[in-house]
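# Descriptive structure summary
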Amino acid sequence: MTTNNFPKGFLWGGATAANQLEGAYQAGGKGLSLPDVLPGGKDRMAIINEPDFDFTIDPQRVYPNHVGIDHYHHFKEDIKLFGEMGFKCYRFSIAWSRIFPQGDEETPNEAGLKFYDAVIDECLKYQIEPVITISHYELPVHLIKEYGGWKNKKLIACYERFARTVLDQYHAKVKYWMTFNEINSAAHFPIMSQGLTVSNGAKDKKNIYQAWHNQFVASSKAVKIGHELDPKLQIGCMILYATTYSFDANPKNQLATLQDNQANNFFCADVQVRGHYPAYTKSLLARNGVKLSDLDYTADELDLLAQYPVDYIGFSYYMSSVVDVTNEDQDRVAGNLMGGVKNPFLESSDWGWQIDPTGLRIALNELYDRYEKPLFIVENGLGALDQPDENNFVADDYRIDYLRQHIEAISAAIDDGTEVMGYTPWGCIDLVSASTGEMSKRYGFIYVDEDDAGHGTFNRYKKKSFAWYKQVIASNGEEI
Ligand code: BG6
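This write-up is about the structure you can find in this document. Everything quoted here is computed from the prediction, not taken from an experiment. (Residues numbered from 1 in each chain as written. Predicted model: local features only at pLDDT ≥ 70, side-chain atom pairs only at ≥ 80, totals over all residues.)

The helix and strand tally for the protein stands at 14 helices and 14 strands. Its C-alpha atoms give the protein a radius of gyration of 21 Å, within 12% of the compact-globule value 23 Å for 480 residues. Considered along the principal axes of its C-alpha atoms, the protein spans approximately 60 × 55 × 50 Å. If you take every contact in the protein between residues at least 6 apart in sequence, the share linking residues at least 24 apart comes to 76%. (Helix = DSSP H or I, 4+ residues; strand = E, 2+ residues; numbered from the N terminus. Rg over C-alpha atoms; globule rule 2.2 N^0.38 Å. Contact = placed C-beta atoms within 7 Å.)

Before going further, it helps to spend a moment on the nonpolar core. In terms of nonpolar packing, the biggest core is built from 128 residues, with Ile94, Cys237, Ile239, Ile313 and Phe315 touching the most fellow members. Setting aside residues up to four positions removed in sequence, Phe315 forms contacts with Met238, Ile239, Tyr241, Leu367, Ile377 and Val378. One finds Tyr245, Phe247, Val323 and Val341 within the second-largest nonpolar core, a separate group that totals five residues. (Core = buried A, V, L, I, M, F, W, Y, C linked by C-beta atoms within 7 Å. Buried ≥ 20, exposed ≤ 12 C-beta atoms within 10 Å, placed from the backbone.)

On to the packing of helix α6 (residues 154-170) against helix α8 (residues 205-229), then. Running from amino to carboxyl end, α6 crosses α8 at an angle of 25°, the nearest separation of the two axes being 9 Å. With respect to α8, the element α6 is oriented roughly parallel. The hand of the α6/α8 crossing is right-handed. Residues Leu155, Ile156, Tyr159, Glu160, Ala163, Arg164, Leu167 and Asp168 of α6 touch α8, and the partners they reach there are Asn214, Val217, Ala218, Lys221, Ala222, Ile225, Gly226 and Leu229. A per-class count over the contact of α6 with α8 returns ten nonpolar, two polar and four charged. (Axes fitted to C-alpha atoms, helices over the stretch in contact; angles between N-to-C directions. Parallel < 35°, antiparallel > 145°, perpendicular 65-115°, else oblique. Left-handed = near helix turned anticlockwise from the far one by under 90°. Nonpolar A, V, L, I, M, F, W, Y, C, P; charged D, E, K, R; others polar.)

Leaving glycine out, the prevailing phi sign among residues is negative, and the prevailing peptide bond configuration is trans. Although it is not a glycine, Gln127 adopts a positive phi angle of roughly 55°. The topology assignment puts Gln127 in the loop between α4 (110-125) and β3 (129-135). The backbone of Phe458 sits at a positive phi, close to 65°, despite the residue not being glycine. Structurally, Phe458 can be placed in the loop between β13 (446-448) and β14 (460-462). Phe458 sits in the partly exposed class, given 17 other C-beta atoms within 10 Å.

For the rest of this paragraph, the subject is the pairing of strand β4 (residues 176-180). Regular strands place their side chains on alternate faces of the sheet. Burial runs high along β4: five of the five residues are buried. When β3 meets β4, the two strands line up parallel, connected through four bridges. Across the sheet, residue Thr133 finds its bridge partner in β4, namely Met178. Summarising the sheet, β4 and strand β5 (residues 234-240) pair through three bridges and their orientation is parallel. By the bridge assignment for β5, Met178 is matched with Gly236. (Pairing = 2+ DSSP bridges.)

As a further point, take the environment of Tyr317. Relative to the assigned elements, Tyr317 resides in the loop between β7 (312-316) and β8 (321-323). Sequence-wise, Tyr317 and Trp426 are 109 residues apart; in three dimensions their C-alpha atoms are separated by 9.7 Å. When residues no more than four places from it in sequence are discounted, the contact partners of Tyr317 are Tyr241, Leu360, Ala363, Ile377 and Asn380.

Burial within β7 is extensive, with five of its five residues counted as buried. Taking every second residue as pointing to the same face, both faces of β7 are buried, with Tyr312, Gly314 and Ser316 on one and Ile313 and Phe315 on the other. Both β5 and β7 contribute to a ladder of five bridges, which runs parallel. Residue Leu240 lies in a different strand from β7, and its bridge partner there is Ser316. Here β7 runs beside strand β11 (residues 375-379); their pairing, made up of four bridges, is parallel. Opposite Gly314, over in β11, you have Phe376 as the bridge partner.

Working note: a packed helix pair is described by the angle between its axes plus the distance between those axes. Close contact between helix α12 (residues 357-371) and helix α13 (residues 397-415) brings their axes to 8 Å; oriented N to C, the two are set at 30°. Judged on the interaxial angle alone, α13 and α12 are roughly parallel. Classified by chirality, the crossing of α13 by α12 is right-handed. Contact residues: Pro357, Thr358, Leu360, Arg361, Leu364 and Asn365 in α12; Gln405, His406, Glu408, Ala409, Ile410, Ala412 and Ala413 in α13. When grouped by side-chain class, the residues that make up the contact of α12 with α13 number seven nonpolar, four polar and two charged.

Remember that the coordinates give geometry; whether it matters functionally is a separate question.
Next comes the structure, spelled out in C-alpha cells:
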C-alpha cells in the first residue's frame, strides 16, 4: 500500500515519561514520587494488593526508577539523537516532585524549573516541538501518604498550582500539553494515576470514581489556565485505548463488549472531551456498586467541565482486547494494565500483549466518529528482548515490522477520514518499564547499555530501527 497521505506538519516523534528515564531521583531537591517506591521485577504490581503497603522504600529491594537511564545527566546527548532522527516533536513529562517536592508547597523548586527549561531549550535547538504530559504516573508520595491520593479533593488545588506553575513558565515555548497520562487506566490499576492501592482504599470503587471526578475538575482547570495564557495552546486528554472485540456474535458478549468499552475506553474521554458525564454514568456506577449520591461533586464543578473540555485526544495504543462472558475456561492474555481473552487471530509480544495493527485503524475510526476532534497517537510500540551483537548493534527488524504495520494502519485511517495530528512511539530511547520495572523490556530506537538492576555503562547505541525511523520521518511517512 502507499502511505503518502500524511498531512504536512504531521508530528512524528517519540515519547517518554520523567520517572522512567530521568533517574537522579533526589537531585536538585526532588521529592519522592510514586514510582520511586515501586520495586523492580515482574511482580512489581503485586505490591498494590499488600494490605500494609505504606509507600516507603525497602532497602532490601531494587528500585530501577531511582536510576532510570540517567537522562537527567544525559538529556543533551539523548535529544541530539532525537534531532538526528529528525523528530518533529518529543513527548515527555514533568516530574511533579521536581517542581513541588512534596506536592503541596506554596512555591516551586527553582532547580526543577531550570531543569525543564534546559530540556525544552535543547528540543528547540533541533526544531523539535515539545509535547508535555503534566502528570504521568508521578504523584508525589507525600500527597498519597498525607491525603490518600486523588480520592481527596485537596489534590485539585495542589495540581492546579503545579499546572499553573509549569504552564506559566513554559507556555511561550510549548504549544502541546496533556493533563493526565492514561487517566482511564485506574479502572484496572488505580495506583499509577490515582495513588490508590488496597492499603488506602482501592477496593472501594467509590474512591476510584471520586478520584476521577477530582482529576476531571483538575484537568479542566489546567485547560482554563492554559487558554487564558494563550488561546492557541493545545491541551489534550490522554487515554489508554485497547480496541475491544466481542469473542463472537452471541448478544450476551456483544452487550458485555459495549459495556466494557464504556467502562474502560470511553468513560474518561467522554467527560473530558464532551464536557459532561455520559448518559450511561448511573448504570456504569451501579454495575460497580457505586451510587451517584456517594460522590462529592458540585454544580460549579460540572460547569467547569462543560466550559473547559480538552482540545484533542491523545491516546496510547499497544494492543486490542477480547470479551467473552459466556465461557470462563477461555485462555487469557496479559496486557498493558488490562488483559482479556486470547484472540486466535493475533500474535503476541514477548510479554504477551496481542499485536493488532488493524485494531489501531479501528481505534482511530471509533474515536473520531465519537468525538470529531483531532487525534494524537502518543504511545505505541513493541516491548521486546533486544540482543546487541559484539558491536552493540541491535538488528531489531521485529520492531520495524511492528511499527511499519501500525503506520500503515494510521495511513489507512487517514484515508477513512480521521484527523490524526501525530505519532510518537513509546520509549523512543530504552527506559524502565512502567508495569514491570525492567530495563530488558525495550522499546527504543536507541539502545541503552544497562541491566534490570541498573548496572551498565549507560552508553547509547543506535539500533537498526534508528535509521529506518529517520527515513520514515524524512519522507513524511512515505518510505516505510
Ligand atoms: C503505557 C504507559 O501504559 O504503557 C507508559 O503510559 C508505559 O508509562 C507504556 O511505559 C508501556 O508499558 P510497559 O509496562 O511496557 O512499560
